[in-house]
Amino acid sequence: MARPPELSRRIRRRRIVAAVLFLAAVAGAAAASIAAVSGGHARSAPPPRPPGPPRPFRIVFPEGFTRAAMAIRVRDVARIADNEHRGRVRLTMAAYLNASTAGVVRCFGARPQRSLEGFLFPATYDFLAGTASRQLVLAQIQAFCREWGGVDLAYARSKDLTPYDVLKIASMVEEEAAVPGDRPKIAAVIYNRLRDRIPLGIDATLRYGLRIPPTQSITEAELASANPYNTRRLYGLPPTPIGNPGLASIEAAAHPSRLGYLYYVRIPGTKRHAFFADAAAYDAYLSAHGYGPHP
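Residues numbered from 1 in each chain as written. Predicted model: local features only at pLDDT ≥ 70, side-chain atom pairs only at ≥ 80, totals over all residues. Heavy atoms only, no water.

Caption draft 1: View of the overall build of the protein chain. In terms of helices and strands, the protein chain carries eleven helices and six strands. For the protein chain, the residues scored as buried account for 38% of the 295 residues in total. Carbon together with sulfur atoms contributes 57% to the accessible area of the protein chain, which is approximately 17200 Å² in total. (Helix = DSSP H or I, 4+ residues; strand = E, 2+ residues; numbered from the N terminus. Buried < 20%, exposed > 50% of the residue type's maximum accessible area, 1.4 Å probe, protein only. Areas by Shrake-Rupley, 256 points an atom, 1.4 Å probe, with all protein chains shown as cover.)

Right, here's the structure in full:
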């Protein structure tokens, strides 16, 4: 049965409208897809961030640490760094000991120092997995020279002491002083004993020379040793520094108290020392506090 002409026209219009709407929907979907792929605003993803610098590890060397103690600290910190799974580090105890044995210290001249003990400045250092032991040692020497450059050595020179002598004295001050106020006084005792040609009598030097742990008593045989670090028997300064002093001890060694002290002893129950200008007062103090006779 044939449709009326008016009805056929309405049907054709609806089909045309539907086709147009369909084509518009398809075009919109295609445009959205293109925008997402090409970075359009509708669905654009943020650009990837560039990788940041690697996070460094950190090692702390306290004032007074010897080269050997620093090597042990390197070993322990390297183990911790390895356990963090950020890449195996290059630092090792053996490599550090080898790198820190001898070398040039520019602020002390162009000739290589036969021992770097004393020049390995104690501080906090950052390092990466690829940092070599020689790089760490160089950073310590550079830090030492930066600090050393600000020290006035005029007074020490007036007492015929060399810069290396001052460094040796600083290492003993670092080992002996437990409170800041004692540093220049202990330095004064060392200066005065050198002046009067009295053996320094500092057992820390003998412990260093014979590698006697601080928790172990020194025997009579060790006290009688001819070891060059035995400042009970031998006059003068030890052959090398006995550790790596911080700036405060270096300053004290360059600027001792202008006092006539020749003796000192730890005050029982404290970290401070009592100081004396003559043997009689010193012996009386030792006797009153149960100490043995002085060396």
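Structure's up, so let's keep going.
Caption draft 2: A look at the packing of helix α6 (residues 163–176) against helix α7 (residues 183–196). Running from amino to carboxyl end, α6 crosses α7 at an angle of 130°, the nearest separation of the two axes being 9 Å. Taken together, the axis directions place α6 and α7 in an arrangement best described as oblique. Judged by the twist between their axes, the crossing of α6 over α7 is right-handed. Every residue of α7 that contacts α6 at Ile169, Met172, Val173, Glu174 and Glu176 is listed here: Arg183, Ile186, Ala187, Ile190, Tyr191 and Leu194. Residue classes in the contact of α6 with α7 are distributed as eight nonpolar, no polar and three charged. (Axes fitted to C-alpha atoms, helices over the stretch in contact; angles between N-to-C directions. Parallel < 35°, antiparallel > 145°, perpendicular 65-115°, else oblique. Left-handed = near helix turned anticlockwise from the far one by under 90°. Contact = heavy atoms within 4.5 Å. Nonpolar A, V, L, I, M, F, W, Y, C, P; charged D, E, K, R; others polar.)

Caption draft 3: Quick peek at the state of the cysteines. Taken as a whole, this structure holds one disulfide when the rule is applied. Between cysteine 107 and cysteine 145 runs a disulfide, and the two sulfur atoms are separated by 2.2 Å. Linking cysteine 107 and cysteine 145, the disulfide has an S-S dihedral of approximately -75° and is accordingly described as left-handed. You can see cysteine 107 sitting in the loop between β2 (103–104) and β3 (112–113) and its partner cysteine 145 sitting in helix α4 (residues 133–148), a full 38 residues away along the chain. (Disulfide = S-S within 2.5 Å.)

Caption draft 4: Looking closely at helix α2 (residues 67–83). In this model, α2 (17 residues) spans 25 Å end to end at C-alpha, consistent with the 24 Å of a helix rising 1.5 Å per residue. Buried within α2 are the following residues: Met70, Ala71, Val74, Val77, Ala78 and Ala81. On an axial view of α2, the arc spanned by its buried residues comes to 130°, and they lie on one face. Those residues of α2 that are exposed and angled more than 90 degrees off the buried face are Arg79 and Asn83. Two residues or fewer past α2, histidine 85 is found with a positive phi of approximately 55°. (Expected span 1.5 Å × (residues − 1). Arc of directions from axis to C-beta.)

Caption draft 5: Inspection of the nonpolar core at higher detail. Phe61, Tyr96, Val105, Phe144, Trp148, Ile169 and Ile190 are the most contacted members of the largest nonpolar core, which has 56 residues in total. Sorting the residues of this core by element identifies β1 (57–60), α2, β4 (124–127), α4, α5 (154–158), α6, α7 and α10 (247–254) as the ones contributing at least two each. Broken down by element, this core gets its largest block of residues, seven residues, from α4. Filtering out sequence-adjacent residues up to four positions away, valine 105 remains in contact with Gln113, Leu116, Phe119, Ile141, Phe144 and Cys145. Judged by nonpolar contacts, the second largest core, of nine residues, contains Val265, Tyr282, Tyr285 and Leu286. (Core = buried A, V, L, I, M, F, W, Y, C linked by side-chain atoms within 4.5 Å.)

Caption draft 6: The arrangement of the packing of aromatic side chains in detail. By the definition in use, this model includes 16 aromatic pairs. Here phenylalanine 144 and tryptophan 148 contribute two aromatic rings whose centre-to-centre distance is 5.4 Å and whose plane-to-plane angle is 25°, an arrangement assigned as stacked. Highlighted residues: phenylalanine 144 and tryptophan 148, both in helix α4, separated by four residues, approximately one helical turn. Comparing phenylalanine 144 with tryptophan 148, the two get one shared label, buried. Feature note: the residues Phe108, Phe119, Phe144, Trp148 and Tyr164 constitute an aromatic cluster, connected by ring pairs. (Phe/Tyr/Trp six-rings, centres within 6.5 Å; stacked < 30°, edge-to-face > 60°.)

Caption draft 7: Representation of the side chain of glutamate 222 within the structure. Note on placement: glutamate 222 falls in helix α9 (residues 220–223). With no salt bridge to any partner, buried glutamate 222 finds its closest opposite charge in arginine 207, at an N-O distance of 7.0 Å. Not counting the four nearest positions on each side in its chain, glutamate 222 is found in contact with Leu206, Leu210, Ile212, Gln216, Ser217 and Asn230. (Lys, Arg positive; Asp, Glu negative; His and termini not counted. Salt bridge = Lys/Arg side-chain N within 4 Å of Asp/Glu carboxyl O.)

Caption draft 8: Inspection of the pairing of strand β6 (residues 273–276) at higher detail. In β6, alternate side chains face the same way, and those of His273 and Phe275 on one face and Ala274 and Phe276 on the other are all buried. What sits between the antiparallel neighbours strand β5 (residues 263–266) and β6 is a turn of six residues, in which glycine 269 has the positive phi angle 80°. (Pairing = 2+ DSSP bridges.)

Caption draft 9: View of the packing of α6 against α10. The N-to-C vectors of α6 and α10 enclose an angle of 120°; their axes lie 8 Å apart at closest approach. Between α6 and α10, the interaxial angle falls into the category oblique. Crossing handedness for the pair α6 and α10: right-handed. Of the residues in α10, those touching α6 at Val166, Ile169, Ala170, Val173 and Glu174 are Ser249, Ile250, Ala252, Ala253 and Ala254. Partitioning the contact of α6 with α10 into residue classes produces eight nonpolar, one polar and one charged.

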